[in-house]
Amino acid sequence: MVSTADSAPDFADRTDFEDADRGLVAGPAHPRITAEDGRVVWDFGATAFLREDCPDTANPSLWRQSQLCARAGLYEVTGGVYQIRGFDLSNMTLVEGRHGVVVVDPLVSRECAAAGIALYRAHRGERPVTAVLFTHSHIDHFGGTLGVIGPDDDVPIVAPAGFMENSVAENVYAGTAMLRRGMYHTGGELEPGPRGLIGVGLGFAASHGLPSLLPPTLDVTRTGQEERLDGVLFRFQLTPGTEAPSELNFHLPELRALCMAENATHNLHNILTLRGALVRDARIWSRYLTEAIDLFAADSDVLFASHHWPTWGTERLTAFLSEQRDLYGYLHDQTLRLLNQGHTGTEIAELIELPPRLARAWHTRGYYGSVSHNVKAIYQRYMGWYDGHPASLWEHPPTASAERYVDCMGGIDSVLAKARSYVDAGDLRFAAQLLKHATFAAPEEARARELLAETFERLGHGAECGTWRNNYLMGAQELRTGVRPVPIAAASMATALSVDQVFDSLAIRVNGPRAWDHTLTVLWRFTDLDRTHRTSLRNGVLVHHPVTGTPAGGADLTVTLTEPQLLAALTGRGLDGIDHTGDPAVLTTLMSVLDEPDPGFAIVTP
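Quick summary incoming for the structure in this document. Computed from a prediction, not measured in an experiment: that's the story for all the values here. (Residues numbered from 1 in each chain as written. Predicted model: local features only at pLDDT ≥ 70, side-chain atom pairs only at ≥ 80, totals over all residues. Heavy atoms only, no water.)

Attention now moves to the side chain of Ser212. When you line up the elements, Ser212 lands in the loop between α6 (175-186) and β10 (218-220). Here Leu146 takes part through its backbone nitrogen, which lies 3.1 Å from a polar atom of the side chain of Ser212. (Helix = DSSP H or I, 4+ residues; strand = E, 2+ residues; numbered from the N terminus. Polar contact = N/O pair within 3.5 Å; in protein donor to acceptor, adjacent residues only side chain to side chain.)

For the pair helix α12 (residues 398-408) and helix α14 (residues 428-441), interaxial distance at closest approach is 8 Å and the crossing angle is 105°. By the angle between their axes, α12 is roughly perpendicular relative to α14. Here Pro398, Thr399, Ala402, Glu403, Tyr405 and Val406 of α12 lie close against α14, whose contacting residues are His437, Ala438, Phe440 and Ala441. Of the residues belonging to the contact of α12 with α14, the class tally is seven nonpolar, two polar and one charged. (Axes fitted to C-alpha atoms, helices over the stretch in contact; angles between N-to-C directions. Parallel < 35°, antiparallel > 145°, perpendicular 65-115°, else oblique. Contact = heavy atoms within 4.5 Å. Nonpolar A, V, L, I, M, F, W, Y, C, P; charged D, E, K, R; others polar.)

What follows covers the pairing of strand β12 (residues 232-238). Among the seven residues that make up β12, six are buried, leaving the element largely enclosed by the rest of the structure. Summarising the sheet, strand β11 (residues 226-229) and β12 pair through four bridges and their orientation is antiparallel. Looking across to β12, one finds that Glu226 is bridged to Arg235. Between the antiparallel neighbours β11 and β12 lie two residues, among them Asp230 with a positive phi of about 50°. Bridge analysis of β12 against strand β13 (residues 248-252) gives four bridges, and the strand direction is antiparallel. Residue pairing in the sheet places Leu238 in a bridge with Leu248 of β13. (Buried < 20%, exposed > 50% of the residue type's maximum accessible area, 1.4 Å probe, protein only. Pairing = 2+ DSSP bridges.)

With that settled, consider the environment of Ser372. Mapped onto the elements, Ser372 comes out in helix α11 (residues 371-383). Classification of Ser372 as buried rests on a relative accessible area of 12%. With 297 residues separating them along the chain, Ser372 and Tyr75 place their C-alpha atoms 35 Å apart. With near-sequence residues (within four places) excluded, Ser372 lies in contact with Ala349 and Trp468.

Let's shift gears to the environment of Leu351. Tracing the backbone through its elements, the reader meets Leu351 in helix α9 (residues 345-351). With 16 residues separating them in the primary sequence, Leu351 and Thr335 have C-alpha atoms 9.4 Å apart. Those residues in contact with Leu351 that lie beyond four places of it in its chain are Leu338 and His343.

Phi at Asp105 is positive, roughly 60°, even though this residue is not glycine. In this structure, Asp105 sits in the loop between β7 (101-104) and α3 (110-124). Positive phi values are uncommon outside glycine, yet Asp230 reaches one of about 50°. You can see Asp230 is positioned in the loop between β11 and β12.

The next point concerns helix α7 (residues 282-296). Taking 1.5 Å of rise per residue, the 15 residues of α7 would be expected to cover 21 Å, and the 21 Å separating its terminal C-alpha atoms lies within 8% of that figure. Buried within α7 are the following residues: Ala282, Ile284, Trp285, Ser286, Tyr288, Leu289, Ala292, Ile293 and Phe296. Turning to α7, the residues buried within the fold contact β12, β13, β14 (257-259), α8 (314-339) and α11. (Expected span 1.5 Å × (residues − 1).)

Before going further, it helps to examine a nonpolar patch on the surface. Taken together, Trp385, Leu393 and Trp394 make up a surface patch of nonpolar side chains, about 520 Å² in accessible area. In this structure, Trp394 sits in the loop between α11 and α12. (Patch = residues over 30% accessible without salt bridge, like charges linked within 9 Å, V, L, I, M, F, W, Y side chains within 5 Å. Areas by Shrake-Rupley, 256 points an atom, 1.4 Å probe, with all protein chains shown as cover. Salt bridge = Lys/Arg side-chain N within 4 Å of Asp/Glu carboxyl O.)

This part is about the sheet that holds strand β19 (residues 541-547). Strand order in the open sheet made by the five strands is β19-β18-β17-β20-β21, with mixed pairing throughout. The open sheet has two free edges, formed respectively by β19 and β21 (579-582), since each of these has just one partner strand. Here the strands of the sheet are splayed against their neighbours by 15° on average, with no regard to which way each runs. In this structure, strand β18 (residues 531-538) lies alongside β19, joined through seven bridges in antiparallel fashion. Note that in β19 the partner of Thr532 across the bridge is Val547. Sheet contacts for helix α19 (residues 563-573): β17 (520-526) and β20 (557-561); angle to β17, the most-contacted strand, approximately 145°. Relative to β17, helix α20 (residues 585-592) is tilted by about 110°, and along the sheet it contacts β17, β18, β19 and β20.

This part covers the pattern of salt bridges. For the coordinates displayed, the defined rule picks out 27 salt bridges. Residues Arg447 and Asp413 are paired through a salt bridge, measuring 2.6 Å at the closest nitrogen-oxygen approach. A residue pair is termed long-range when its members are at least 10 positions apart, and Arg447 in helix α15 (residues 446-462) and Asp413 in helix α13 (residues 412-424) qualify at 34 residues. Arg447 sits in the partly exposed class, given a relative accessible area of 46%. Judged by its relative accessible area of 48%, Asp413 is partly exposed. In this structure, the salt-bridge partner of Glu445 is Arg447, at a minimum N-O distance of 2.9 Å. When salt bridges that share partners are traced, they join Arg195, Glu450, Glu457 and Arg480 into one network.

Below is the structure:
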């Protein structure tokens, strides 16, 4: 990372604070947002400590970013465009139309989205929601859908092509593991305060309400596509493979306003999030930003996004987009240059420095992503996990490796003494590596856990990247207090899944070895869809596909049902009240070979 004084941003520059405060209409109407059972899902007072000067337990740059993200209320972006900020990790944008309001990206949870739309209506009138637009397939941009519309409301729901497939892949297929690691990513179990949670870089935190999802009714399939939503012209740019596999930007030409979704925000974003995701394409990300400049910049007076605060003025927003473009392009090209010289991802992460002009810009700082882990992600996209050294092909897993390292170093006492010497010398990075081996080789050793927790805490307090800080501090907390299981949110999205996605979700839970000796076939006839699906379990694999015409071959069980009844049948109710022929024990056998996800797996211990 660049460390020279002339490459550091200027703390005296208050432009971001002026922009973050501009257009405030009203602050939150209540100090907290609660669920129906009274549980607090968002506390506006949790960020009050950020009004103080930066303590020695926080990086001053990250503290500054968190102060900016702590602003909360209803803001006017430009005439007819408003944003709810500081009600969740993300922003909710409201575009006023002829008869009501178009809601863009309704936050993480329905409770926060409902509170946001209520604040808007308190100051702009009781306007109905006339359309919903999802800019991309991440839960903080659609989870609050049922807080702004009902499940049966007849309004268009607009999203980029591939939205449902990618939303499900992230939030359901790998949802348990991503949610577990996401608690580290967002600092979900940390106490807000100078020693704990101070933010994620994109916002303060994610809310703890109930997420939801309704499938889109209108797909955006090409750049240049135009749609009038409640009389307002939206001009779209598709950007697949950038910040999300399915994403779009949009321009409001009549309002001269440009929404960059999450493709250009006031930080360096992730090429690969620490919670886990598909590796993003930094090259195409940079090129789509160039395209956005060419398509929209000259015809825009304001740029806003689904996180952070707007940028006003054609010249300023063009410069902002250009620097964001150069940021991702530089990381991509320099990583490729160095990997083609034989350097590995870990080595490249230590070699790359940002150009001074980019390093001096506040909006390129690594508050959410980082140069270090983004470079490794770019390397991974092209070269995979293998660094090319044959010794890396077949390493022992962590516990077995740790036991051997500790043995080579003369036992646990020797390792702890060495680790303490590195901590005292300020080499926290290597101390953490040593202590990882110590805790995996001797998980019962309290001295190792506490020294690693101390090391993580110090690393976290110095981190500029919010997600690095949260990962370090969550690791320290878990070493001291143990694992706190995370509730699985995927169930609340299940009703939005297609039949194919339901069966896909089932297939990834099959315990292969336990299912090896079972062979079975089920036909599912859906009366409400006029479709038939065949599922077959063989060789530990659940294969499913739609059937056209008369099904070929027999089935052990044939079930006639509706799509909603499928979820009921697979979530414990069985075939009660559902028409079927054949052997109902087949379904019992299928369910018996399914594993339950583990939302509380260990991360910093074996």
